[in-house]
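Coordinates in review
Here are the chains, one letter per residue:
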Amino acid sequence: MEAIRIGGLQKESLIDWEGKLTAVVFTQGCNFRCGYCHNPSLVIPKLIRQAQRIAYTEVMSYLASRKSWLDGVVVTGGEPTMHAGLRQFIVEIKQLGFPVKLDTNGTNPALLESLINDGLVDYVAMDVKSVPQHNRYQQITPINEDVFRNVLRSITVLKQNRVPYEFRTTQIPKLHSEEDMAEIKAFLEGKAPYKIQHFREADVVANYAAS
């Protein structure tokens, strides 16, 4: 299924969806270029070209064989919502009986809202990169104002509480002060969890070495 490119499959994980044993599917490609990305092989075009893709049929065959073992499937990336085949992929996962968690950067609010409205995702984790201002986002990744407005729209979609969700931010030294983190949290206020992730220097080194 060329409409979705799969670059990785973690067959079992206890840390990607709290309280569940899941398989994690990694899609290739991302429209962000965050310097601290921990999956550069799914983002940097040169590395994507060098990587071996995992066949769609291989993933579906594995999931079908684990219907009575796994509690759910996490679809992450890269950025999954870039792929035209994401909806059909999730439909087929749901047909196997699995709940689905989607990880996203929030740049495709129309697709996100559609998946929620159609009951195709059971949990969403959205990365909020910085203080919700365009210039602050550009310190993390070069995006234009239209893309930034899409991010804000996705936040609004999730805060409507039609599906369980969480927001999360990787706190970067010299880019995110404690005041910044408080501002982000206040902007995202609601019933959903807000998680702060730890920055890892090794990820930055790997990313820039590959770019």
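Criteria and cut-off values
- Residues numbered from 1 in each chain as written.
- Predicted model: local features only at pLDDT ≥ 70, side-chain atom pairs only at ≥ 80, totals over all residues.
- Heavy atoms only, no water.
- Salt bridge = Lys/Arg side-chain N within 4 Å of Asp/Glu carboxyl O.
- Helix = DSSP H or I, 4+ residues; strand = E, 2+ residues; numbered from the N terminus.
- Buried < 20%, exposed > 50% of the residue type's maximum accessible area, 1.4 Å probe, protein only.
- Polar contact = N/O pair within 3.5 Å; in protein donor to acceptor, adjacent residues only side chain to side chain.
- Contact = heavy atoms within 4.5 Å.
- Phe/Tyr/Trp six-rings, centres within 6.5 Å; stacked < 30°, edge-to-face > 60°.
- Lys NZ or Arg CZ within 6 Å of the ring centre and 35° of its normal.

Attention shifts here to the pattern of salt bridges. Within the structure shown, the criterion is met by 12 salt bridges. Residue lysine 94 is joined to aspartate 122 by a salt bridge in which the shortest nitrogen-to-oxygen separation is 2.7 Å. Remark: aspartate 122 occurs in the loop between helix H4 (109-117) and strand E5 (123-127) and lysine 94 occurs in helix H3 (residues 86-95); sequence separation between them is 28 residues. Judged by its relative accessible area of 27%, aspartate 122 is partly exposed.

Take the side chain of asparagine 105 next. Summarising the element assignment, asparagine 105 is placed in the loop between strand E4 (100-104) and H4. Reaching out from asparagine 105, the side chain makes a polar contact with the side chain of threonine 107 at a distance of 2.7 Å. With sequence-adjacent residues up to four places away left out, asparagine 105 is seen in contact with Cys30, Asn31, Phe32, Glu79, Met126, Asp127 and Val151.

A separate point is the packing of aromatic side chains. One pass over the full model with this rule turns up four aromatic pairs. Pairing tyrosine 56 with phenylalanine 89 gives two aromatic rings, centres 5.4 Å apart and planes at 55°, and the pair type is tilted. Here tyrosine 56 is found in helix H2 (residues 56-65), whereas its partner phenylalanine 89 is found in helix H3, with 33 residues between them in sequence. For the pair shown, tyrosine 56 and phenylalanine 89 are each scored as buried. Residue placement shows lysine 20 over the ring face of tryptophan 17; its charged tip is 5.1 Å from the ring centre. Lysine 159 extends its terminal NZ or CZ atom over the ring of phenylalanine 187, reaching a point 5.6 Å from the ring centre.

Everything listed here is a matter of coordinates, which is why it stays silent on function.
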